Amino acid sequence: MGNNIKLLDKLLYACFLALSFRLVSINGEQLTSCAQTPYPDTCNYYLTRDSMLLSSQEEKTFAFHDLALRVTMDHTVQVHRLVSSMDVSSFDGRARSAWSDCLELYEDTMHQLNRSMSSNTVNPRDSQTWLSATITNHVTCQNGFKELKVESNLQRFPNLMLTNFSRLLSNSLAINKGYTISSPPSSIHLHEESGNGGNRRLLADGFPSWVSASDRKLLQSTAAPKADLVVANDGSGDFKTISEAVAASAKRRSGDKRFVIYVKAGTYNENVEIKRSMKNLMIVGDGKDATVVTGSRNAKDGSTTFRSATFAVMGAGFIARDMTFQNTAGPQKHQAVALRSGSDFSVFYSCSFKGYQDTLYVYSQRQFYRECDVYGTVDFIFGDAVVVLQNCNIYARKPMSGKWNTVTAQARTDPNQNTGIIIHGCRITAASDLKPVQGSVKTYLGRPWQKYSRTVIMMSSLDGLIDPQGWLPWSGSFALSTLYYGEYMNTGSGASTSGRVKWPGYHVITSASDARKFTVGNFLAGNSWIPATGVPFLVGL
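Quick caveat: nothing in here was measured; it's all calculated off a predicted structure.

1. What to know about the UniProt feature "active site" (unreviewed entry) in the chain
And then number 1: Residues given the UniProt feature "active site" (unreviewed entry) here are Asp379.
And then number 2: Take Asp379: its relative accessible area is 4%, and that puts it in the buried class.
And then number 3: Beyond its immediate sequence surroundings of up to four residues, Asp379 is in contact with Asp358, Thr406, Val407, Thr408, Ala409, Arg447 and Trp474.

So, in structure tokens, the structure goes:
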């Protein structure tokens, strides 16, 4: 346990172990299961301590998995309470901005843990996504201070508690993963890709056979959609701004029923935030480059990457169609996000994302992008979501003088996170401003933002702008043996793998069965939720 537990706690812990062999078992599961976690000492200490507080009846009902989550939840509540009560009067604007992010992120972590806590009613594979998000939240909180170069303010945080908190999150993820693997198939409710799922054919109109006629009609219609609210900056709708319509939706909707906001053609200069409480919201525009949401927040002017987004969404079940999201800060302003999504089961169909560095922040949870356009320079598709981009156009733009481009920067920090960026059936090419000079600008498929970065590019067209080595290191040998980068059956003049990097974590995938692990059906369990959105998709390869 090292220096992370006070002397008194150490003595109490020793007493607990010496006096109470009855605690070795909770509901028949051995506490020595802690040996299977990344931080067994932390696991043993906190689970032993908290199990002492259980009544004999609770002891019978709490499984090892449940107790681990309960302990982590209790710690999260304490962390949130301590952070929210901090005296930040001496913080400058940048530090206060980072601190504000932490408050929101730890509040979301409490939400994700709370929904994961019942092993009887919650699908453990859902929990794996939610628990992965808690780790992303914790890392993002600390990153905000580092990005804005105010790390000294992190010393004001409860460091001992945050260290143990980080370990508890990682342990909970590992325990839940083991629970997922050991759960009988009958307890798993997600519809996995069936043996012939990869052969499922699309209809002639481009939609899967199981999309309802009404949803297909809605998606194919060129007329204005049937909407609950209309936004038009010329005054012809219910509101002139998207933010006003979003705020009004919270009062006008009933339950979690799908709520549609139609945004007429025009440019909307505003920063929009869809909070976690706003579920099943749909934003429909008049088409790419017709309905445009634009902003210019950026890191150089004092925003965290997390808060720089022109459009940010956390509410589950979000859908956007026929929209453009952009950040016009420019490459010289560094991190400047066009769209950030932490929305579980979010779908973006026929949308465009325009920026330079950090354009599309696939922040966390399950996301699907279909027939979208993404423009950027450095790390312009990045984050720690479980995400698939399918049939999309990915455009590298002209970077600052002397700089290079990296398409992805995936942020998996824990090997048990189920996250990764999958690019399937897309085209990676040069934008119009890069084409004349693409020979003098190196463009790479990605670099490892975090230790267990995972990105797979398959069955996509890679134009000649892609550098022969394909991938770029982040810093020295960092993550090169722990990352997972894969390529499968790509085509185009930039697709040859003969000159690719020789890192231990890089893979040329040759087996269809290996590639199939990263399809919508398997990686996203897309069969269980995408059909309800009416968006066409390929289940398998």
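On we go from here.
2. Side note on the packing of aromatic side chains
And then number 1: Counted under the stated rule, the structure contains 19 aromatic pairs.
And then number 2: Aromatic pair Trp471 and Tyr485: ring centres 4.2 Å apart, planes at 25°, arrangement stacked. Residue Trp471 is located in the loop between β26 (461-462) and β27 (484-488), and its partner Tyr485 is located in strand β27; the two are separated by 14 residues in the primary sequence. Assigned by exposure class, Trp471 and Tyr485 land together as buried.
And then number 3: Directly above the ring of Phe306 sits Arg340, whose terminal nitrogen or CZ lies 3.6 Å from the centroid.
And then number 4: In this arrangement the basic side chain of Arg447 is found over the ring face of Trp474, its NZ or CZ atom lying 3.9 Å from the centre.

3. Points about the state of the cysteines
And then number 1: Taken as a whole and assessed by the stated rule, the structure comprises 2 disulfides.
And then number 2: The disulfide bridge from Cys34 ends at Cys43, spanning 2.0 Å between sulfur atoms. The sign of the S-S torsion, about -65°, decides the handedness of the disulfide formed by Cys34 and Cys43: left-handed.
And then number 3: For Cys43, a relative accessible area of 1% corresponds to the buried category.

4. A closer look at the sheet that holds strand β6 (residues 272-274)
The strands making up a sheet are joined through hydrogen bonds of the backbone, oriented either antiparallel or parallel.
And then number 1: Here we have 7 strands laid out as an open sheet, ordered β6-β9-β12-β15-β18-β21-β24, and parallel in their pairing. Because the sheet does not close on itself, it has two edges, and the strands there are β6 and β24 (443-446). For this sheet the average axis-to-axis angle between neighbouring strands, irrespective of direction, equals 10°.
And then number 2: Bridge count between strand β21 (residues 405-410) and β24: 3 bridges; the pairing is parallel. Pairing of Thr408 across the sheet is with Gly446, part of β24.

5. Some remarks on the nonpolar core
And then number 1: Grouped together as the largest cluster of nonpolar side chains are 61 residues, with contacts concentrated most on Ile242, Ile261, Phe311, Phe353, Tyr369 and Leu389.
And then number 2: Top contributing element to this core by residue count: helix α9 (residues 242-252), with 4 residues.
And then number 3: Non-local contacts of Ile261, meaning those with residues more than four positions away in its chain, are made with Leu229, Val231, Ala245, Val246, Ser249, Leu281, Met282, Ile283 and Val284.
And then number 4: Core analysis: the second largest hydrophobic core is formed by 37 residues, Met73, Leu154, Val337 and Ala411 among them.

6. Quick look at the environment of Ser166
And then number 1: Its location among the elements puts Ser166 in helix α7 (residues 159-182).
And then number 2: As for Ser166 and Ile135, which are separated by 31 residues in sequence, their C-alpha atoms are 7.4 Å apart.

7. Regarding the pattern of salt bridges
And then number 1: Under the defined criterion, the tally for this structure stands at 18 salt bridges.
And then number 2: Across the pair Asp463 and Arg427 runs a salt bridge, and its minimum N-O distance is 3.2 Å. Remark: Arg427 occurs in strand β23 (residues 427-430) and Asp463 occurs in the loop between β26 and β27; sequence separation between them is 36 residues.

Parameters and conventions
Residues numbered from 1 in each chain as written. Predicted model: local features only at pLDDT ≥ 70, side-chain atom pairs only at ≥ 80, totals over all residues. Heavy atoms only, no water. UniProt positions renumbered as here; feature names shortened; annotations may be inferred. Buried < 20%, exposed > 50% of the residue type's maximum accessible area, 1.4 Å probe, protein only. Contact = heavy atoms within 4.5 Å. Phe/Tyr/Trp six-rings, centres within 6.5 Å; stacked < 30°, edge-to-face > 60°. Helix = DSSP H or I, 4+ residues; strand = E, 2+ residues; numbered from the N terminus. Lys NZ or Arg CZ within 6 Å of the ring centre and 35° of its normal. Disulfide = S-S within 2.5 Å. Pairing = 2+ DSSP bridges. Axes fitted to C-alpha atoms, helices over the stretch in contact; angles between N-to-C directions. Core = buried A, V, L, I, M, F, W, Y, C linked by side-chain atoms within 4.5 Å. Salt bridge = Lys/Arg side-chain N within 4 Å of Asp/Glu carboxyl O.

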